[in-house]
Amino acid sequence: MSASDPRRFGLLGHPLGHSLSPEIHAFLLDQVGQEGSYALYDTPPDRLGETVGRLRGDLSGWNCTIPHKQAILPYLDAVEPAAARYGAVNTVRCRAGRLEGFNSDGPGFRAALAAAGMHLGPGRALVVGAGGVARMLAFEAAREGAETWVAARDPAKAEALCADTARALGGRTDAGAPVLLRAAALSDLPVAIASGVRFDLLLQATPVGMWPETSGLPVPLEVLGGVRAVYDTIYNPLATRLVLAARRLGIPAAGGLGMLVEQAAISFRLWNPDLPDPLPPGDPARHALYAELRRAILHRSPVNLVLAGFMGAGKTTVGLALARRLDVSFSDLDGLVEAAAGRTVPEIFRDSGEVEFRRLERAALVSLARPDRTRVVSAGGGALLSDEAAAIVHEGRGLSVLLDASIGAILERVAGDGSRPLLAGPDPESRVRALWAERRPRYLAAADASVPADGPVERVVDDILMALGLEEGPVGGGPR
Ligand code: NAP
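These notes cover the structure that comes with them. (Residues numbered from 1 in each chain as written. Predicted model: local features only at pLDDT ≥ 70, side-chain atom pairs only at ≥ 80, totals over all residues. Heavy atoms only, no water.)

### Some thoughts on the sheet that holds strand E2 (residues 36-42)
This is how the line gets drawn: Note on pairing: DSSP must find at least two bridges between two strands before they are called paired. A run of H or I in DSSP becomes a helix once it reaches four residues, and a run of E becomes a strand once it reaches two; helices and strands are each numbered from the N terminus. Residue contacts are defined here by distance: any two heavy atoms, one from each residue, within 4.5 Å place the two residues in contact. Helix axes are fitted to C-alpha atoms over the stretch in contact, other axes to C-alpha atoms as well, and angles between N-to-C directions run from 0 to 180 degrees.
Strands sit in the order E2-E1-E3-E5-E6-E4 across an open sheet of six strands; the sheet is mixed. The sheet is open, and its two borders are formed by E2 and strand E4 (78-79), each paired with just one other strand. Looking at chain direction, E4 and strand E6 (residues 98-102) are connected through two bridges and run parallel. For alanine 78, the partnering residue across the bridge sits in E6 and is glutamate 100. Across the sheet, helix H1 (residues 21-31) touches strand E1 (7-13), E2 and strand E3 (61-64), and the angle it forms with E2 is around 165°. Sheet strands in contact with helix H10 (residues 257-271) are E1, E2, E3, strand E5 (91-95) and E6, and its direction is about 15° off that of E5.

### A closer look at the site of the ligand
Note the following rule: Working definition: residue near molecule or strand if any one of its non-hydrogen atoms lies within 4 Å of it. By the criterion applied in these results, polar contacts are pairs of N or O atoms within 3.5 Å in which, for protein atoms, one can donate a hydrogen and the other can accept it, and in which residues neighboring in sequence qualify only through two side-chain atoms. With residues, only the protein chains shown are counted as cover, and all accessible areas are computed by Shrake-Rupley using a 1.4 Å probe.
Taken together, 20 residues surround the ligand, and among them Ala130, Val133, Arg153, Lys157 and Thr233 come closest. Between the ligand and glycine 131 there is a distance of 3.3 Å, counted from an oxygen atom to a backbone nitrogen or oxygen. Lysine 157 places a polar side-chain atom, nitrogen or oxygen, 2.8 Å from an oxygen atom of the ligand. Taken by itself the ligand offers 930 Å² of open surface, and the protein chains cover 72% of this.

### Looking at unusual backbone geometry
Residue proline 212 is bonded to the preceding tryptophan 211 through a cis peptide linkage, with omega at 10°. Tracing the backbone shows proline 212 in the loop between strand E10 (201-204) and helix H8 (221-224). Cis geometry marks the peptide bond from asparagine 236 to proline 237, where omega comes out at 5°. Tracing the backbone through its elements, the reader meets proline 237 in the loop between strand E11 (230-232) and helix H9 (241-248). Phi at aspartate 327 takes a positive value of approximately 60°, unusual for a residue other than glycine. For aspartate 327, the location among the structural elements is in the loop between helix H12 (315-326) and strand E14 (329-332). The backbone of arginine 370 shows a phi angle near 50°, a positive value even though the residue is not glycine. Structurally, arginine 370 is set in the loop between helix H14 (345-368) and strand E15 (375-378).

### So, H10
The condition is simple: The span one expects for a helix is its residue count, reduced by one, times 1.5 Å. The classification of residues rests on relative accessible area computed with a 1.4 Å probe and restricted to protein chains. Under 20% of the type maximum is buried, over 50% is exposed, and intermediate values are partly exposed.
Look at H10: 21 Å from first C-alpha to last across 15 residues, which is about the 21 Å you get at 1.5 Å a residue. For H10, the tally of buried residues reaches 14 of 15 residues, placing the bulk of the element in the interior.

### A few points about H1
Every buried residue of H1 is listed here: Ser21, Ile24, His25, Phe27, Leu28 and Leu29. As for H1, its buried residues are in contact with E1, E2, E3, H10 and helix H11 (284-300). In the segment just after H1, glycine 33 is the residue with positive phi, at about 70°.

### Structural notes on the packing of aromatic side chains
As a reminder, the rule being used: Two aromatic rings, drawn from Phe, Tyr or Trp (for Trp, its six-membered ring), form a pair once their centres lie within 6.5 Å of each other, and the interplanar angle then sorts them: stacked below 30 degrees, edge-to-face above 60, tilted otherwise. Our definition puts a charge over a ring when NZ of Lys or CZ of Arg is within 6 Å of the ring centre and also within 35 degrees of the ring normal.
This structure, assessed with the given rule, holds six aromatic pairs. Here phenylalanine 349 and phenylalanine 357 contribute two aromatic rings whose centre-to-centre distance is 4.9 Å and whose plane-to-plane angle is 40°, an arrangement assigned as tilted. A relative accessible area of 25% places phenylalanine 349 in the partly exposed class. A relative accessible area of 3% means that phenylalanine 357 is categorised as buried. Clustering of aromatic rings is evident, with ring pairs tying together Phe9, Tyr38 and Trp271. The side chain of arginine 397 reaches across the aromatic face of tryptophan 211, ending 5.1 Å from its centre.

### Structural notes on the pattern of salt bridges
So the rule is basically this: Salt bridge, as applied in this entry: a Lys or Arg side-chain nitrogen positioned within 4 Å of an Asp or Glu carboxyl oxygen.
All chains considered together, the criterion is met by 31 salt bridges. Its salt-bridge partner being arginine 433, residue glutamate 429 comes within 3.1 Å of it at the nearest N-O pair. Note that glutamate 429 and arginine 433 are positioned in helix H17 (residues 428-446) at a spacing of four residues, about one turn of the helix. Residue class for glutamate 429 comes out partly exposed when judged on its relative accessible area of 41%. Taking relative accessible area as the criterion, arginine 433 reaches 41% and is therefore assigned partly exposed. Connected through salt bridges with shared partners, the residues Arg85, Arg110, Glu140, Arg143, Glu144 and Asp174 form a single ionic network.

### Quick word on the nonpolar core
Most often, soluble globular proteins keep nonpolar side chains buried together rather than apart. For the record, the criterion: Residues enter a nonpolar core if they are buried and are Ala, Val, Leu, Ile, Met, Phe, Trp, Tyr or Cys, with the set joined through side-chain atoms within 4.5 Å.
Counting 91 residues, the largest nonpolar core has Ile24, Leu126, Leu202, Val230, Leu403 and Ile464 as its most contacted members. If near-sequence neighbours (up to four positions away) are discounted, valine 230 is found in contact with Met118, Leu201, Leu202, Leu224, Leu242, Ala246, Ile251, Pro252, Ala253 and Ala254. Residues Ala134, Leu201, Ala229 and Ala254 belong to the second largest nonpolar core, which totals 32 residues.

### Section: the pairing of E2
This is how it is decided: Orient the strands so they point away from the viewer, and a crossover whose first-strand-to-second-strand path over the helix runs clockwise is right-handed.
Looking at chain direction, E1 and E2 are connected through seven bridges and run parallel. Bridging across to E2, glycine 13 finds its partner in aspartate 42. For the handedness criterion, the β-α-β arrangement of E1, H1 and E2 is classed as right-handed.

### A short note on the side chain of aspartate 105
One can find aspartate 105 in helix H4 (residues 105-115). Setting aside its immediate chain neighbours within four residues, aspartate 105 contacts Lys69, Asn90, Met136 and Gln263.

### Some remarks on the packing of helix H16 (residues 407-414) against H17
Here is the rule we go by: For classification, angles of less than 35 degrees are called roughly parallel, those exceeding 145 degrees roughly antiparallel, those between 65 and 115 degrees roughly perpendicular, and all remaining angles oblique. Two helices cross in a left-handed way if the nearer one is turned anticlockwise from the farther one by less than a right angle. They cross in a right-handed way if the turn is clockwise. Here the nonpolar group is Ala, Val, Leu, Ile, Met, Phe, Trp, Tyr, Cys and Pro; Asp, Glu, Lys and Arg are the charged ones; every other residue, Gly included, is treated as polar.
Axis separation between H16 and H17 bottoms out at 11 Å; the angle between their running directions is 140°. Viewed along their axes, H16 and H17 adopt a mutual orientation that is oblique. The element H16 and its partner H17 pack so that their crossing is right-handed. Facing H16, whose interface residues are Ile407, Ile410 and Leu411, H17 presents Glu429, Val432, Arg433 and Trp436. Classifying every residue of the contact of H16 with H17 gives five nonpolar, no polar and two charged.

If you want it as structure tokens, here you go:
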């Protein structure tokens, strides 16, 4: 075959919904100058045999996803030993009418984990979930010798997964030691942590926190107190609330985009052994692909990126710059309140008091919930301090970022600004200092992420993009 001899690939699953795989494979084909296509084949279980029969002559290869990774096995002419050991195939190669099965999920995950600076090995791993992805993660952790806990809301499913994994591994780690697998109920984890159990790596494999229900946390936050690193397989949003919460605690945490890309690249190499590697180590193409996928996720799966912080932290200036950088719209919460009330914020404070202002502010937050397009929202200085307001943001598909400006920078920025109600009256500096000291810990506790906000605007924007996983950060992610 040649560049002018198009190769056709695809994805079989059901239901398929939206998938990034066509974009990834179009990029990889383009990267090596090969014409080709990657199409989605939504295939209900009862149509699998018929679809395989039709596609075996048409496609050069395809990926399988839920619910076909095991169901495909009887249709294959050969299964690579590693895939046979997994008992699951996600990559089918068609050669001269023969179908060969491979699994790129495990190696893709391992590559992504290493790229995030995290490692499997002796120590203790916690797999959250007991579905297909959890099965792969438990297999990888246990074979590397980790004492692997599998925690699911239904402990019977966790037990079944542990038993299957031990069987698939023949009871031995790669180093020949007995495998250590332990089932748990999700609800038991806080007690285990409180009694001193520690995990070197938490591997998240449930849909909890995934867009469109971005507010979810798959484990209670106290569990993070006993965890040293987090890999969340969810890639939409790019950083889930779990990932953000871990980073807030100084725990290295990464989302699942790398796993998606690496398994695709491995499938591509299996299908096209005659072509150059489309993503060789250190190639800038990898960066370009990730940037394209991040953009696609942000634009297809709208969220509110809510900037919080004290007066003078730069919420509007930084918000506008962030919106420009992401090519999304910008909303100012105070502006919405004023438009709805037909009065300025100082007038609302003066005539109706703070309680009424907060009520209007919450109503404005509700009006922004579940946006049609991603947007940046600049929230007022006190807007996100109540649990109720934070819940409105989260339930409305929002993630909040604290612009953490020092008191020195704030005083410099707001000096002489008579339009702010708080600055009217005698000795405004003492009042600003006192309020800042009282509010800062509450801001820090309420925000999903926080970035230093004393520096130049574009630097703050860079830090926000990295904090939210919208740009590549250092190992393990998070702001600089
Ligand atoms: P799956 O087979 O359907 O398994 C989902 C697991 O999550 C099950 O154990 C399920 O428990 C559990 N779960 C669902 N809702 C839950 C809730 N509200 N609370 C607690 N547990 C809950 O799905 P999968 O194929 O393993 O995929 C799992 C996740 O992996 C996906 O949501 C996706 O975000 C991620 N993923 C990432 C990639 C990647 O390349 N990065 C690829 C595929 C999937 P029950 O059995 O009790 O329902």
